[in-house]
Amino acid sequence: MIQFASFCQYHFFTFSLSPARSPIFTHINNTLVGLATIRSFDAEAIFLEQFYEAQNVHSSTFFLSFCTARGFGVLMDWICLLYIASVVLFVMLFSGTVAGYAGLAISSSLVLTGVTQWAVRSSADLESYMTSVERILEYTYLEVEDDARALTERKHSALRAPPKEKWPTAGEIVFDRLTLFYDGAEKPVLVDVTCHIEGGAKVGVVGRTGAGKSSLIAALFRLCRRQEGTVLIDGLDTSQLTLGRLRRSISIIPQEPLIFTGSVRYNVDPFGEHSDDRLWEVLEEVQLKEVVAHLPGQLDAHLSEGGSNFSVGQRQLVCLARAILRDNKVLLLNY
């Protein structure tokens, strides 16, 4: 009975409260991040209305769950009452046989009411709290991106490819009959793409939304598992390289500037491979040296989540500095 009760409460709370609570937190976080934009466009009323809608859904769900819990408690009390009544009736009918145990049986039955309520609530709370542990375990069992071929490649990369500092040397890119599928998609997003980009050339890919511009970047970084055809960089097939080595050899400035929560030093040089003098040189090249020099701590100045203490242009310059510091022959700009 206790297991059935905890099962009912656990599944009700998990599937009703959590989906109703998450939109509120997401909406508040998005509002705080984009507060300046919301105020500049006078969109406070729109966001308030969206918040009230999410809050109403959560409040109604929470009230329903609370009433259900109270009603379930009353049901458990009635079940315990029937059990106590049956014990008393049994004692009255067989008083001659079990007279010595009558007081013990009735007192134990009276304790049952509180113990049952506590046990059901504790069991339901335990399973509810274990939801976070289950989610963590699901993430630990996700399929690793590096496949067995890439793991084997790590042992033999020195034999099949030039040393890291010598590749790529020119940045020549060749797409040979490339066909790309996104995970779970039946139709390819890129079909039989063939082109040749000379080393050192500056090439712009222009197209409408959904034309496949970002998909070309995904093909270069091997972000999709289903990929047919060949992608060559300086004559080397990228499918024969480990993902770590391939992606470290290509720099990208994303459409949305990516800023890590940490210091300026960590954002420009995440792996700590360069000296402070080199970092200042790169910051001077992107015209951020004066801005960083006036920050408290300079290179160790803290950048908040999403780089909110920097403007959008400054965040783009941080990404540019990161790309320049890598000094790769292939640089992708996604705009």
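(A) Quick look at the side chain of T238. Mapped onto the elements of the fold, T238 is located in the loop between β4 (236–237) and α7 (243–248). What makes T238 buried here is its relative accessible area of 2%. Filtering out sequence-adjacent residues up to four positions away, T238 remains in contact with R222, V231, I233 and L246.

(B) Structural context of helix α3 (residues 44–93). If you check α3, its first and last C-alpha atoms are 73 Å apart, about what 50 residues at 1.5 Å a residue would give, namely 74 Å. All of the buried residues in α3 are A54, H58, T61, S65, A69, F72, G73, M76, C80, I84, V87 and V91.

(C) Region of interest: the packing of helix α9 (residues 276–285) against helix α11 (residues 312–326). Their axes nearest at 9 Å, the elements α9 and α11 cross at an angle of 125°. On the basis of their axis angle, the class for α9 and α11 is oblique. Crossing hand, α9 versus α11: right-handed. Residues R278, L279, V282, L283 and E285 of α9 touch α11, and the partners they reach there are A321, I324 and L325. For the contact of α9 with α11, the per-class residue count stands at six nonpolar, no polar and two charged.

(D) Layout of the confidence of the model for the protein chain. With 85% of its residues at a pLDDT of 70 or more, the protein chain shows a mean pLDDT of 76. Within the protein chain, no element has a lower average pLDDT than helix α5 (residues 148–160), which sits at 46, and none a higher one than helix α2 (residues 35–40), at 85. This model gives residues 1–15 a pLDDT under 50, and the stretch forms 30 contacts once residues within four places in sequence are excluded. Residue range residues 148–164 is modelled with pLDDT below 50. Its contacts to residues more than four positions away, or to other chains, number 21 contacts.

(E) Region of interest: α11. Here α11 contains 15 residues, and its C-alpha end-to-end distance of 22 Å stays within 8% of the 21 Å for a straight helix at 1.5 Å per residue. Within α11, burial applies to R315, Q316, V318, C319, A321, R322, A323 and L325. The elements touched by buried residues of α11 are β5 (250–253), α8 (264–268), α9 and β8 (330–333). D327 sits one or two positions beyond α11 and adopts a positive phi of about 55°.

(F) Quick peek at the sheet that holds strand β1 (residues 173–181). Taken in spatial order, the four strands of this open sheet run β2-β1-β3-β4, and their pairing is antiparallel. Only two strands of the sheet have a single neighbouring strand rather than two, namely β2 (190–197) and β4. Direction of pairing for strand β3 (residues 226–233) relative to β4: antiparallel, over a ladder of two bridges. Opposite I233, over in β4, you have L236 as the bridge partner. Packed on one face of the sheet, helix α6 (residues 213–221) meets β1, β2 and β3 and runs near 105° to β1.

(G) Representation of the nonpolar core. I173, F175, L220, I233, I250 and L332 are the most contacted members of the largest nonpolar core, which totals 22 residues. Sorting the residues of this core by element identifies β1, β2, α6, β3 and β8 as the ones contributing at least two each. Top element by residues in this core is α6. It accounts for six residues. Ignoring sequence-local partners within four residues, the contact set of I233 consists of W167, P168, E172, I173, L220, T238, L246, I250 and V330. In this structure, L283, V286, A301 and A321 belong to the second largest nonpolar core, which totals 17 residues.

(H) Molecular detail of the pattern of salt bridges. If you walk through the whole model with that rule in mind, you get six salt bridges. We note a salt bridge from R278 to E281, for which the minimum N-O separation is 3.4 Å. Placement of the pair is R278 and E281 together in helix α9, with a separation of three residues, close to one helical turn. What makes R278 partly exposed here is its relative accessible area of 25%. Counted as one network, the salt bridges with shared partners bring together R265, D276 and D300.

(I) Representation of the pairing of β8. With burial as the criterion, only one face of β8 is covered, namely that bearing V330 and L332; the residues L331 and L333 on the opposite face remain uncovered. Strand direction decides the pairing type here: β5 and β8, joined by four bridges, are parallel. In the strand pairing of β8, I250 is matched with V330.

(J) Summary view of the packing of aromatic side chains. Inspection of every chain in the model, using the stated rule, returns one aromatic pair. Pairing F51 with Y52 gives two aromatic rings, centres 6.1 Å apart and planes at 55°, and the pair type is tilted. Taking the relative accessible area as the measure of exposure, Y52 reaches 48% and is therefore partly exposed.

The rules behind each value
- Residues numbered from 1 in each chain as written.
- Predicted model: local features only at pLDDT ≥ 70, side-chain atom pairs only at ≥ 80, totals over all residues.
- Heavy atoms only, no water.
- Helix = DSSP H or I, 4+ residues; strand = E, 2+ residues; numbered from the N terminus.
- Buried < 20%, exposed > 50% of the residue type's maximum accessible area, 1.4 Å probe, protein only.
- Contact = heavy atoms within 4.5 Å.
- Expected span 1.5 Å × (residues − 1).
- Axes fitted to C-alpha atoms, helices over the stretch in contact; angles between N-to-C directions.
- Parallel < 35°, antiparallel > 145°, perpendicular 65-115°, else oblique.
- Left-handed = near helix turned anticlockwise from the far one by under 90°.
- Nonpolar A, V, L, I, M, F, W, Y, C, P; charged D, E, K, R; others polar.
- pLDDT = per-residue confidence, 0-100.
- Pairing = 2+ DSSP bridges.
- Core = buried A, V, L, I, M, F, W, Y, C linked by side-chain atoms within 4.5 Å.
- Salt bridge = Lys/Arg side-chain N within 4 Å of Asp/Glu carboxyl O.
- Phe/Tyr/Trp six-rings, centres within 6.5 Å; stacked < 30°, edge-to-face > 60°.

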